[in-house]
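Descriptive analysis of the structure
Letter by letter, the chains look like this.
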Amino acid sequence: MGAAREGGDEAERGTVVTPSAEFPPLGHEERAALGRIGERWRAPRDPDDLPVDPTLGRTGRPPQPTRFGRLAPIEMFTVEEPGELVATGPAHLPHSRAGRLLSRARRTLFGPPISSASVLYERMRKLVALPILSSDLLSSVAYGPEAMLGVLVLAGSAALGLSLPLAALLVLLMVGVGLSYRQTIPAYPHGAGSYIVAGDNLGRTPGLAAAAGLMLDYVLTVSVSVAAGVGAVTSALPGLAPLTVLLGVLVIAVLLAGNLRGVRTAGNLFVLPTYAFVVAVLALLVVGYARAAGRGFAPVSPPPVPAAEGLGLLLILRAFSSGAVSMTGIEAVSNAVPAFRRTEWRNARTTLGWMVAMLVALFAGLVGLIHLDGLVPRPGETLLSQLGRVTFPAGPWYAFLQATTALILLLAANTAFNDFPRLLFFMARDGHAPRRFLHMGDRLAFSNGLVALSLAAAIVFVAFGGHTERLIPLYAVGVFLAFTLSQAGMVVHWRRRRGRGWARRLTMNAVGAALSGLVLLTAAVAKFSEGAWVVVIAVPLLVLLFRRVHRHYATLNRALALKPPAPAPPGPAGSAEGEELPQEVRHLVVVPVARLNRASLRALAYAASLGQPTLAVHIAPEDAEADRFREQWQAWGDHLRLETIVSPYRAVIGPLAHYLEALHTTRPELTLTVIVPEVVLRRRWHRPLHSRVEQRLRAALRALPGVVVTSVPVHPAE
């Protein structure tokens, strides 16, 4: 409990995931500046003097049902309290027929929208969180032992005996890292991803390095899990091997659709496959060890395999780091603490304990049984499939084992789908990732993060042809970099806090950091030439990218931050974009007019109605046309000042933009409001029939400082 209270200040930093994270509150200085600006604000009229009722109070009779159909009134907004309207479901529907059809299709595929108030109900209980968050960790036992033995067998059959001591070391590593993360959860009860822990305690750059490692790990988790799952399918059904890439991409698309439906729906999809896999492997272990007991646990001699490499320290380290991929996903619970039901940190820690215990039992049991049965890796069939055929030579159990293995491997990627968007959420909150990743979709899922993960994983999967053995060397470096930095950060955390039992906790996290660091160095050195160099190069490049994103947001925040209004200096006024009080804004309304028709006259009328100085500008390709336009202007009555610009090279956008820029340079305190007349075309096929100059004009003018661009639409009857 003491540790949980120590993490309470993390909530003050805004680590709780809510839909309101897109709208951060103002700081104390900005609130004070806002009050000072308000004191000098002089509105031109009473703010309550409006020509409409802003509460949308209904007047008149609502539509009534007729005998031809059921026409019922639709309430788009409801009044919850004075000054606050709440948009109902129908208010989110688009106006166009195509938009409504697309909206219905989305609801059919992903489900109806979920209210923001339901975010607490979308959290998970332990029995649901266990399969969602452990599918990656537990499924790795299907390929982790094989990855280790696949390296050892390069030294020949005699080297396979080293699998038992290496497995024992890996079990110690699993327990040590698991206990370390159990320390992290109560210390950071609002989400303890490696990015947050390393950033808080070691600094920004280590935190970003941990985030980069985790992002690569999550992308590879999806790719490797799907590749291994498809491999399990093709082991049982070799005829599907040519469709490996297509099947993998389809699985990623299905996982994306399932997660876009929300946390609870995704949990319902993954509960049964995970528990079924655990039951199948436990049955395999029980029957296998019972058969081994019948022969006195005498190991079967493996088939002779010639040595392709000498047995040396480097090969042993490669085998150890390959087997360590069985630990990927162990950090998932600490990342997803806010997704648990209350009390969040306690439920998360209990779930992590279950996960580590199950991992140790399954991993150690499988390595021991493979050794007793004398199995060796071979192309075309996984070790788990071989073990299933030996243990269940008859009956449906082999098919059940392969089916559950394929399912959990294919669904193991869901751990990454749960944690990758959450990591991007925290990074975007701190300004190190695009802010669009703060947005929750209509199903309370981080839709943008889910789509980004799916695209990245699909690209990696296709690039490596869906082969697990090609992806494994990329796997361990990123995840163990995050492990190491997270646990090292916790060492600094306990040394700073020095609460009750801090020395014991520090020691436990120090052991976890040392073990993780050892695996990190081993994987980086031993697998560098096999593909780990990609991760070694990608991590610093991602850190550089994150820092550039943060620099952009920091510059933007400084430019947009509220500052106390300074007294007006004597002499010429400053920039128009620095004005924050209505009495300081000086207007010039500019209306580009190509020809005098209904659209341009409506734009001129709108501009004149604003009661501000107004200038009309006409771009003519030659003097004769300029003279003709001035005659038409005189015939209209010459109600506004007209400036004609002759463009002998027939360009329109460039001369007008440069003219407006020259006006702004002459009087930088002026706000130039450019009113563009626009004809709205009702049918899409009509658009190629028009030049759409107004759209290009708006795009060119928006880049000019001190210029406001608006349009006056005209809807022709068709």
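As the structure is a prediction and not an experimental result, all values here were calculated from the model.

On to the layout of surface pockets. In this structure, the largest pocket encloses a volume near 900 Å³. The set of elements that each furnish at least two residues to the lining of the largest pocket consists of α6 (144-152), α9 (204-236), α12 (313-323), α15 (383-391), α16 (397-411) and α19 (468-471). In terms of residue count, α9 provides more of the lining of the largest pocket than any other element does, seven residues in total. For the lining of the largest pocket, the residue count by class is 17 nonpolar, 14 polar and seven charged.

Glancing now at the environment of Gly144. Here Gly144 is to be found in helix α6. For Gly144, a relative accessible area of 0% translates into the label buried. For Gly144 and Thr328, which are 184 residues apart along the polypeptide, the C-alpha to C-alpha distance reads 9.7 Å. Among residues more than four places away in sequence, those in contact with Gly144 are Ser322, Gly323, Val325 and Ser326.

As a further point, take the environment of Met174. Positionally, Met174 belongs in helix α7 (residues 163-187). Spatially, the C-alpha atom of Met174 lies 9.3 Å from that of Ala357, the residues being 183 residues apart in sequence. Leaving out residues up to four positions away in the same chain, Met174 has contacts with Ser326, Met327, Ile330, Val356, Leu359, Val360 and Phe363.

Glancing now at the nonpolar core. Val222, Val226, Ile330, Met427 and Phe480 are the most contacted members of the largest nonpolar core, which has 144 residues in total. Among the elements that make up this core, the one with the highest residue count is α9 (17 residues). Sequence-distant contacts of Phe480, defined by excluding residues within four places in its chain, comprise Leu173, Ala324, Met327, Ser516, Val519 and Leu520. Core analysis: the second largest hydrophobic core is formed by 19 residues, Leu588, Ile619, Val674 and Val707 among them.

Our focus in this paragraph is the sheet that holds strand β6 (residues 670-679). Two modes of strand pairing occur in sheets, parallel and antiparallel, and in both the strands are linked by backbone hydrogen bonds. Spatial ordering of the open sheet is given by β5-β4-β3-β6-β7, a layout of five strands whose pairing is parallel. The strands lining the two open edges of the sheet, one partner per strand, are β5 (641-646) and β7 (707-714). Pairwise comparison of adjacent strand axes, ignoring direction, gives a mean angle of 25° for this sheet. Bridge count between strand β4 (residues 614-620) and β5: six bridges; the pairing is parallel. Paired with Ala620 across the two strands is Val646, which belongs to β5. In the packing of helix α24 (residues 623-636) onto the sheet, contacts are made with β4 and β5, and the angle to β5 comes to roughly 165°. Strand contacts of helix α26 (residues 693-701): β3 (586-592), β6 and β7, with the helix running at about 160° to β6, the strand carrying the most contacts.

Attention shifts here to the packing of α9 against helix α22 (residues 528-560). When two helices pack together, their arrangement is captured by the angle between the axes and the distance separating the axes. Where α9 contacts α22, the axes come no closer than 9 Å and their chain directions differ by 120°. Our classification of the angle between α9 and α22 gives oblique. You can see that α9 and α22 cross each other, and the crossing is right-handed. Contacts from Arg204, Thr205, Leu208, Ala209, Ala212, Gly213, Met215 and Leu216 of α9 reach α22 at Val535, Ala538, Val539, Leu542, Val543, Phe546, Arg547 and His550. Grouping the amino acids of the contact of α9 with α22 by side-chain chemistry returns 11 nonpolar, three polar and two charged.

The final tally for this structure, using the stated rule, is two cavities of 30 Å³ or more. Volume-wise, the largest cavity comes out at about 70 Å³. Along its surface, the largest cavity is lined by Gly193, Tyr195, Ile196, Leu214, Tyr218, Asn335, Asp419, Arg422, Leu423 and Phe426. The set of elements that each furnish at least two residues to the lining of the largest cavity consists of α8 (194-202), α9 and α17 (414-429). Tallying contributions element by element places α17 first for the lining of the largest cavity, with four residues. For the lining of the largest cavity, a count of residues per class yields six nonpolar, two polar and two charged. For the second largest cavity, the full set of lining residues is Val141, Ala142, Pro145, Glu146, Leu366, Ile370, Leu383 and Leu384.

Position of Gly35 relative to the elements: it lies in helix α3 (residues 28-39). On the basis of relative accessible area, Gly35 is assigned to the partly exposed category, the value being 35%. The spatial distance from the C-alpha of Gly35 to the C-alpha of Pro564 is 8.5 Å, given a sequence separation of 529 residues.

Let us look at helix α10 (residues 244-260). With 17 residues, α10 should cover 24 Å at 1.5 Å per step; its first-to-last C-alpha distance of 25 Å lies within 8% of that length. Within α10, the full set of buried residues consists of Thr244, Gly248, Val251, Ile252, Leu255, Leu256, Gly258, Asn259 and Leu260.

In the predicted model, the protein chain carries a mean pLDDT of 79, and 80% of its residues have values of at least 70. No element of the protein chain has a lower mean pLDDT than helix α1 (residues 2-6), which averages 39, and none a higher one than helix α14 (residues 344-373), which averages 91. Between residues 1-15, whose pLDDT stays under 50, and residues either more than four places distant or in other chains, the model counts 30 contacts. Across residues 58-74 the pLDDT falls below 50, and counting only partners more than four positions away or on other chains, this stretch makes eight contacts in the model.

Further remarks concern unusual backbone geometry. For Phe297, which is not glycine, the phi torsion reads 55° and is therefore positive. Checked against the element boundaries, Phe297 lands in the loop between α11 (263-294) and α12. Overall, the relative accessible area of 43% leaves Phe297 in the partly exposed class. A positive phi is found at Asp638, a non-glycine position, where the angle reads about 50°. Relative to the elements of secondary structure, Asp638 occurs in the loop between α24 and β5.

Criteria and thresholds
Residues numbered from 1 in each chain as written. Predicted model: local features only at pLDDT ≥ 70, side-chain atom pairs only at ≥ 80, totals over all residues. Heavy atoms only, no water. 1 Å grid on protein atoms, 1.4 Å probe; cavity = no way out; pocket = protein on both sides within 12 Å on 5 of 7 lines; lining within 4 Å. Points joined across faces, edges and corners; volume = space filled by probe spheres on them. Helix = DSSP H or I, 4+ residues; strand = E, 2+ residues; numbered from the N terminus. Nonpolar A, V, L, I, M, F, W, Y, C, P; charged D, E, K, R; others polar. Buried < 20%, exposed > 50% of the residue type's maximum accessible area, 1.4 Å probe, protein only. Contact = heavy atoms within 4.5 Å. Core = buried A, V, L, I, M, F, W, Y, C linked by side-chain atoms within 4.5 Å. Pairing = 2+ DSSP bridges. Axes fitted to C-alpha atoms, helices over the stretch in contact; angles between N-to-C directions. Parallel < 35°, antiparallel > 145°, perpendicular 65-115°, else oblique. Left-handed = near helix turned anticlockwise from the far one by under 90°. Expected span 1.5 Å × (residues − 1). pLDDT = per-residue confidence, 0-100.

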